[in-house]
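Read off the chains here:
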Amino acid sequence: MANITFTVSDAAARYVKTDSDGTPDLRERAMLLYPAIADLTISHGRAAELLGIHKWDLIELYANMGIPYINQTWEEVEEDMRNIERAMQRCAEREAARA
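Right, let's walk through the structure included here.

Our focus in this paragraph is the packing of helix α3 (residues 44–51) against helix α4 (residues 55–64). Running from amino to carboxyl end, α3 crosses α4 at an angle of 100°, the nearest separation of the two axes being 8 Å. Taken together, the axes of α3 and α4 are roughly perpendicular relative to one another. Every residue of α4 that contacts α3 at His44, Gly45, Ala47, Ala48 and Leu51 is listed here: Lys55, Leu58, Ile59 and Tyr62. Here the residues of the contact of α3 with α4 are counted per class, giving six nonpolar, two polar and one charged.

By size, the foremost hydrophobic cluster in this structure holds 10 residues: Ala30, Leu33, Ile37, Ala47, Ala48, Leu51, Leu58, Leu61, Tyr62 and Ile67. At the level of secondary structure, the elements contributing two or more residues to this core comprise α2 (26–38), α3 and α4. With residues near it in sequence (within four places) discarded, Leu51 still touches Leu26, Arg29, Ala30, Leu33 and Leu58.

The set of residues buried in α4 consists of Leu58, Ile59, Leu61 and Tyr62. Along α4, the residues classed as buried sweep out an arc of 160° about the axis, all on the same side. Exposed and oriented more than 90 degrees from the buried face of α4 are Trp56 and Asn64. Where α4 ends, the next residue or the one after it, Gly66, has phi of about 85°, a positive value.

Reading the values: the criteria
Residues numbered from 1 in each chain as written. Predicted model: local features only at pLDDT ≥ 70, side-chain atom pairs only at ≥ 80, totals over all residues. Heavy atoms only, no water. Axes fitted to C-alpha atoms, helices over the stretch in contact; angles between N-to-C directions. Helix = DSSP H or I, 4+ residues; strand = E, 2+ residues; numbered from the N terminus. Parallel < 35°, antiparallel > 145°, perpendicular 65-115°, else oblique. Contact = heavy atoms within 4.5 Å. Nonpolar A, V, L, I, M, F, W, Y, C, P; charged D, E, K, R; others polar. Core = buried A, V, L, I, M, F, W, Y, C linked by side-chain atoms within 4.5 Å. Buried < 20%, exposed > 50% of the residue type's maximum accessible area, 1.4 Å probe, protein only. Arc of directions from axis to C-beta.

Here you go:
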């Protein structure tokens, strides 16, 4: 395991929440990993593994901070639903043709 140390000014240090041993708390560590999740370098599952928590706990943690798990517009959701409906229709047509 690697330890990463960084220095911040005294003025900035008061904004970094830490555990009793001085290490950044879970929220701080999760936010350090979020850019890698956002650019798809790692998954939520891998980030949770690195943090030592369950994936759904990480998703809930981000949700409580206003960061959504699914980042789609309503139009994208509707398009996905149309695609699913078309695929289901094609499957039904194939099944009917076989019968």
